[in-house]
Amino acid sequence: ARQTAMVKETIRVYARVKPLGRRQQAGSYSVDDEEDPLSSLEITVPRDLADGFINNKRETYKFKFQKIFDQEAKQDVVFDSIAKPVAECALAGYNGTIFAYGQTGSGKTFTITGGAERYSDRGIIPRTLSYIFDQLQKDSSKVYTTHVSYLEIYNECGYDLLDPRHEASRLEDLPKVTIMEDSDQNIHLKNLSLQQATNEEEALNLLFLGDTNRMIAETPMNQASSRSHCIFTIHISSKEPGSATIRRSKLHLVDLAGSERVAKTGVGGHLLTEAKYINLSLHYLEQVIIALAEKNRSHIPYRNSMMTSVLRDSLGGNCMTAMIATLTIDKRNIDESISTCRFAQRVALIKNEAVLNEEIDPRLMIVQLKKEIQDLKDELELVTGKQRTSELSQEELLQLDELIETFLKDNDPDSSLDVGADMRKIKYCFIHMKELVNHPTTSDKKLLSQDISEAEDPNKKSGEEELEKLKHLLQQRDNEINILVNMLKKEKKKAQDALFQLNATSACSTVLEQSLSINLEDRQSPSSSFSLKEAKDFSSSVHRLPFLSRQTGGKTSLGYQEAFEVFKQDHADSITIEDNKQLLKQRFAEVKCLGEKLNEVRGKINCLKGKITQRHIQRAALAVSSPSEELNTFDPVEEKLRMQIEEEKKSYKTMFSRFKGLKVEIEHLQLLMEKVKMKMQKDFEVWWSEEAKNLQEMPEMVTSPDTVTVYPQFIKSLQHLSAKSFSETTRVSPNEDPHGKNNSITFSNPTLKTRTPPSSSTSIPLTGDSQADADILAFIKARQRILQKKG
Ligand code: ADP
Ligand code: MG
């Protein structure tokens, strides 16, 4: 997941004026730092008479910069204002770039790398390295990895300055770096080595290795240093321990080739071609910058040169970028300085969007997934019944007790009791819970007695009583539903036992499973946090469910049950039941939520009251220490607390009336559902007894379709049955069935065969239990008749 924390910012442009040499004559310029927020640099050019101007008119240029560092500005100041903020961003996971632009000899290398003589002259690269490693050491919350790379671009060729294998005597000896673009248009540098640097010293050594390589490779003839671009990059990746998310950032520190124009280089032959290249490269940089500064420009010609490709993100992309325009202010170079400033003004228009570079590390992801697999294996072990047999240690038992207690106390509906995939632990938890339910101990009481005495507030007292009552009621509902589920489970068990006996396959179980899954949904409705209490109420609530107690008297057979489940599913009223069930679920959730909120408000009120008491004590103490103070004076703090209590009470009341309203609604809904269920059962019984009567009257197995009373909705479900479930049973023909041979009858009807070919021949293995067999036969016959009728 990539986070989209984004910093939109224009490139920050700074100017640095190089100190004049002894023999140099200063041009006319002035720096104005007072203007806010930008500083301005004014350069005045005396008009030369030779230019054809008779008057002494002077031309003045004014440029704006983020900040201007005049001749006496020291390296540390330059670092603090320009590089430190960018380094901080890099540490936070954003890309950063600082580049120096200016004519040869204007101080680019001095600014970026530093002077060779004094320690205080060290430039942005060593200072940044020092700063970054300092910060990394301080931050123990993350794991950092740092690498550096050093690339030189000369004549559109890239060279790896950090290749340790080479004792390079010429630039051409260094490994050539080439550009690769992936399908996402990301630039990759092939052959550029990333050297790990675990501390400042290692990083500095690498920097010096690169600079040495650069120096050695440079001959007086090619003067590579002024015609090549150098990009020193610090790669930082960080992650929090245990997390698979990695932040990566790159900090480019760039020393560009001299910006002077070809005319000035003024050399012929071989060198001129080189000069052209340099300028081409910078020319493309300029083009990119012009394109970026233009609004609505969609195509940016990054690809034209290697340097613009490498710096693509730094220019109008995902980067925090700063530019330093290095200026030589002596008379001879003033023109160049003006063009450097002009360039800087355009760069200042470019907007970058630095994005936090976060990604998921696949290796770490694998570690996490492996853990997940282990968890799943544990779970599988649990399900398949493979168990650990040794006893739990005393320590483990104590741990479990603690877990259970926190679980019981946790009001969060999503809280769960997780003891891992250990059957012994799970069993122990159940036993412990049972104990708690059967013999509510003091710890159990604590759970329910969080309320602090509220005797002085009768209104609230009654509210609490109501709350308790409602909890109790919810508890009962919870219990009822549990009973329901248990009964259904028993029914299913019975049915399954019968099924095993019958050796029948999917036909019946499918139907049963469907009905069971519907009924199991009942379970989810009540609040779990109110459960566990008063399990003894189970028996008292059973009689409230006439529908079920009547049905599960023990005399239901598989056929009957199955038929009813199917009947129920397609009965028009089942929609009403479903709707009500959903509504009930919602209401239960609301009630639970409200209950929690009410508790919360009560807690707040108690807290406020505690504060008032504290206030009283404080004031009493004050009265003792300085009796002159009057105790009965009005206390604004207390008054404010009282007002807050009143506010909370108000909201308590509103919530409580809603709470009561919901209670009424829930009871109503439950009654409605019971009524509908009863009606449905009655309908079914009428249908069933009529069927039974019809069957008894018919001497033949296949009866006339005219005599059957069928509910239209039942036809539908039986069709469904015959098409799906029964056809599956019939796939096994009687002749191929080795087990069912002795114990089955073949039900075949030639007239039916033509009408319903897929299920005309049905082989049903019998149980031997006469009641069950009779039911099955009745069911089959009913089905046949319905099919005939339909045909
Ligand atoms: P560039 O890299 O732009 O060609 P350099 O950084 O090599 O220029 O500077 C040329 C000379 O000027 C070097 O000897 C350098 O030490 C000196 N120099 C540049 N800027 C400063 C400065 N701010 N203070 C002192 N010396 C400087
Ligand atoms: Mg240089």
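What you see as residue numbers is a count from 1 along each chain, following the sequence as written. Chain labels run from A onward and ligand labels from 1 onward, assigned in the order the entries are written. Per-residue local features are limited, in this predicted model, to residues with pLDDT of at least 70; the limit for side-chain atom pairs, both in listing and counting, is 80 or more; totals at the level of whole chains, interfaces and linings are taken over all residues. As a convention, hydrogens and water are excluded, and side-chain values are obtained from all of the structure's heavy atoms.

In plain terms, the rule: UniProt positions are given in the numbering used here, feature names are shortened, and annotations may be inferred rather than shown by experiment.
As annotated in an unreviewed UniProt entry, the chain carries the name Kinesin-like protein and is attributed to Piprites chloris. The record held by UniProt for the chain lists under Sequence similarities (unreviewed entry) the comment "Belongs to the TRAFAC class myosin-kinesin ATPase superfamily. Kinesin family."

With respect to the overall build of the chain
Operational definition: Elements are defined by DSSP. Helices are runs of H or I of four residues or more, strands are runs of E of two residues or more, and each kind is numbered from the N terminus. Burial status follows relative accessibility: with a 1.4 Å probe on protein chains alone, a residue under 20% of its type maximum counts as buried, one over 50% as exposed, and anything between as partly exposed. Surface accessibility follows the Shrake-Rupley procedure with a 1.4 Å probe radius. Residue values consider only the protein chains on display as shielding.
Secondary structure summary: the chain contains 23 helices and 19 strands in total. Out of the 791 residues belonging to the chain, those deemed buried represent 43%. Surface exposure of the chain reaches about 43200 Å², of which carbon and sulfur atoms provide 53%.

A few points about the side chain of Thr 340
Which entries qualify depends on this criterion: For this analysis, residues touch if any pair of their heavy atoms sits within 4.5 Å.
Within the secondary structure, Thr 340 sits in helix H9 (residues 334–347). The contact partners of Thr 340, leaving out residues within four places of it in the chain, are Tyr 101, Gly 102, Gln 103, Ser 259, Ala 325, Thr 326 and Leu 327.

Observations concerning the environment of Asp 173
The residue Asp 173 is located in the loop between strand E9 (157–160) and strand E10 (176–181) in this model. Distance from Asp 173 to Asp 160, taken between C-alpha atoms, is 9.9 Å for residues 13 residues apart in sequence.

A closer look at the nonpolar core
The test is simple: The nonpolar core is taken to be a set of buried Ala, Val, Leu, Ile, Met, Phe, Trp, Tyr and Cys residues, with the residues joined through side-chain atoms within 4.5 Å.
Ranked by size, the top nonpolar core spans 44 residues in total, and within it Ile 43, Phe 65, Leu 315 and Met 323 carry the most contacts. If near-sequence neighbours (up to four positions away) are discounted, Phe 65 is found in contact with Val 13, Tyr 14, Ala 15, Leu 38, Ser 39, Leu 41, Ala 325, Cys 341, Ala 344 and Gln 345. Counting 42 residues, the second largest nonpolar core, distinct from the first, contains Leu 162, Leu 171, Ala 197 and Leu 206.

What to know about unusual backbone geometry
Unusually for a residue other than glycine, Asn 155 sits at a positive phi of about 50°. Here Asn 155 lies in the loop between strand E8 (143–154) and E9. The exposure class assigned to Asn 155 is partly exposed, which follows from its relative accessible area of 25%.

A few points about helix H3 (residues 124–138)
Just so we agree on the cut-off: One less than the number of residues in a helix, times 1.5 Å, gives the span that helix is expected to have.
End to end, H3 covers 21 Å across 15 residues, agreeing with the expected 21 Å (1.5 Å per residue, within 8%). Counting buried positions along H3 yields 11 of 15 residues, so the element is predominantly enclosed. Taken together, the buried positions of H3 are Ile 124, Ile 125, Pro 126, Arg 127, Thr 128, Leu 129, Ser 130, Tyr 131, Ile 132, Phe 133 and Leu 136.

Let's talk about the site of ligand 1
Our working definition: A single heavy atom is enough: if one lies within 4 Å of a molecule or strand, its residue is considered near that molecule or strand. Polar contact criterion, stated in full: a pair of N or O atoms within 3.5 Å, where within protein one must be able to donate a hydrogen and the other to accept it, and residues adjacent in sequence count only if both atoms are side-chain atoms. Note on residue classes: Ala, Val, Leu, Ile, Met, Phe, Trp, Tyr, Cys and Pro are nonpolar, Asp, Glu, Lys and Arg are charged, and everything else, Gly too, is polar.
The environment of ligand 1 is made up of Arg 16, Lys 18, Pro 19, Gln 103, Thr 104, Gly 105, Ser 106, Gly 107, Lys 108, Thr 109 and Phe 110. Between Thr 109 and ligand 1, the recorded distance is 2.6 Å, taken from a side-chain N or O atom to an oxygen atom. Protein chains shield 65% of the accessible area of ligand 1, which is 550 Å² for the free molecule. Among the elements that take part in the shell around ligand 1, helix H2 (residues 108–112) stands out by supplying three residues, more than any other. Across the shell around ligand 1, the residue classes break down as two nonpolar, six polar and three charged.

Regarding the pattern of salt bridges
Applied cut-off: Salt-bridge detection follows one rule: a side-chain nitrogen of Lys or Arg within 4 Å of a carboxyl oxygen of Asp or Glu.
Using the criterion set out here, one finds 18 salt bridges in the structure. Overlapping salt bridges, with partners in common, bring together Glu 152, Arg 214 and Asp 255 in one network.

Here we look at a nonpolar patch on the surface
Basically, it comes down to this: For patches, a residue must show more than 30% relative accessible area and have no salt bridge; joins then use 9 Å for like charges and 5 Å for nonpolar side chains, namely Val, Leu, Ile, Met, Phe, Trp and Tyr.
Nonpolar side chains collect at one region of the surface, where Ile 360, Met 365 and Leu 369 lie side by side and expose about 220 Å² of accessible area between them. Relative to the elements of secondary structure, Leu 369 occurs in helix H10 (residues 362–384). On the basis of relative accessibility, which here comes to 41%, the residue Leu 369 falls in the partly exposed class.

Some words on the side chain of Asp 160
Here Asp 160 is to be found in strand E9. In terms of polar contacts, Asp 160 uses its side chain to reach the side chain of Ser 193, at 2.7 Å. Beyond its immediate chain neighbours, meaning those up to four positions away, Asp 160 contacts Tyr 150, Leu 174, Pro 175, Val 177, Asn 191, Leu 192 and Ser 193.

Re the packing of aromatic side chains
What counts is decided by this rule: Pairing of aromatic rings covers Phe, Tyr and the six-membered ring of Trp, with a centre-to-centre limit of 6.5 Å; geometry is then stacked below 30 degrees between planes, edge-to-face above 60, and tilted otherwise. Counted as over-ring charges are cases with an Arg CZ or a Lys NZ within 6 Å of the ring centre that also lie within 35 degrees of the ring normal.
For the coordinates displayed, the defined rule picks out six aromatic pairs. Taking the centre distance of 3.9 Å and the plane angle of 10° together, the rings of Tyr 101 and Phe 343 count as stacked. One end of the pair, Tyr 101, is in strand E7 (residues 96–101); the other, Phe 343, is in helix H9, with 242 residues separating them in the sequence. Side by side, Tyr 101 and Phe 343 carry an identical accessibility label, which is buried. The interplanar angle of 90° and the centroid separation of 5.1 Å between the aromatic rings of Tyr 150 and Phe 232 together place this pair among those described as edge-to-face. Taken together, the positions of Tyr 150 in strand E8 and Phe 232 in strand E13 (residues 229–239) put the pair 82 residues apart, joining distant regions of the chain. Using a relative accessible area of 1% as the deciding quantity, one classes Tyr 150 as buried. Put simply, the rings of Tyr 652, Phe 656 and Phe 659 pair up and form one aromatic cluster. It is Arg 122 that lies over the ring of Tyr 119; its NZ or CZ is 3.8 Å from the centre. Its end group placed over the ring of Tyr 302, Arg 312 keeps NZ or CZ at 5.9 Å from the ring centre.

Notes on the pairing of E10
Note the following rule: Between any two strands, at least two bridges found by DSSP are needed for them to pair.
Of the strand pairs in this sheet, E9 and E10 are connected by two bridges, and their pairing is antiparallel. Residue pairing across strands places Tyr 159 opposite Lys 176, the latter belonging to E10. With four bridges connecting them, E10 and strand E11 (residues 187–190) associate as antiparallel partners. When the sheet's bridge partners are listed, Met 180 is paired in E11 with His 188. If you look at the hairpin formed by E10 and E11, you'll find five residues sitting between the two strands, and Gln 185 has a positive phi there, around 60°.

As for the environment of Tyr 144
Topologically, Tyr 144 is positioned in strand E8. When the C-alpha positions of Tyr 144 and Leu 91 are compared, they lie 9.4 Å apart, and in sequence the two are 53 residues distant. Once residues lying within four places of it in the same chain are set aside, the contact partners of Tyr 144 are Leu 91, Leu 136, Asp 139, Ile 236, Ser 237 and Ser 238. A polar contact of 2.8 Å, which involves the side chain of Tyr 144, links it to the side chain of Asp 139.

Looking at the packing of helix H1 (residues 75–92) against H3
Put simply, the rule is: Axis lines are fitted to C-alpha atoms, over the contacting stretch for helices. Their N-to-C directions set the angle, which ranges from 0 to 180 degrees. Oblique is the label for every angle not falling under 35 degrees (roughly parallel), over 145 degrees (roughly antiparallel), or within 65 to 115 degrees (roughly perpendicular). Handedness of a crossing follows from how the near helix is turned relative to the far one, being left-handed for an anticlockwise turn of less than a right angle and right-handed for a clockwise one.
Between H1 and H3, the least distance of the axes is 9 Å, while the angle of their chain directions is 50°. Looking at the two axes, H1 sits oblique to H3. For H1 against H3, the interelement crossing comes out right-handed. Residues Gln 75, Asp 76, Val 78, Phe 79, Ala 83, Lys 84, Ala 87, Glu 88 and Leu 91 of H1 form the contact with H3, whose participating residues are Ile 124, Arg 127, Thr 128, Tyr 131, Ile 132, Gln 135 and Leu 136.

Re the packing of helix H11 (residues 394–409) against helix H12 (residues 423–438)
When two helices pack together, their arrangement is given by the angle between the helix axes and by the axis-to-axis distance. Where H11 contacts H12, the two axes come as close as 10 Å, and the packing angle between them is 55°. Considering the angle they form, H11 stands oblique to H12. When you trace H11 past H12, the crossing you get is right-handed. In this structure, H11 contributes Glu 396, Leu 397, Leu 400, Asp 401, Ile 404, Phe 407 and Leu 408 to the contact, and H12 contributes Lys 425, Tyr 428, Cys 429, His 432, Met 433 and Leu 436.

Details of the environment of Cys 429
For Cys 429, the position within the fold is in helix H12. Taking C-alpha positions, Cys 429 is 8.0 Å from Asp 401, a pair spaced 28 residues apart along the chain. Among residues more than four places away in sequence, those in contact with Cys 429 are Leu 400, Ile 404, Leu 417 and Val 419.

A few points about the confidence of the model for the chain
Going by this rule: Values of pLDDT, which run from 0 to 100, indicate the predictor's confidence residue by residue.
For the chain, the average pLDDT comes to 73, and 66% of its residues sit at 70 or higher. Considering only residues more than four positions removed or in separate chains, one finds that residues 443–456, a stretch of pLDDT under 50, has 13 contacts. The low-confidence segment residues 700–766 (pLDDT under 50) makes 108 contacts with residues lying over four places distant or belonging to another chain.

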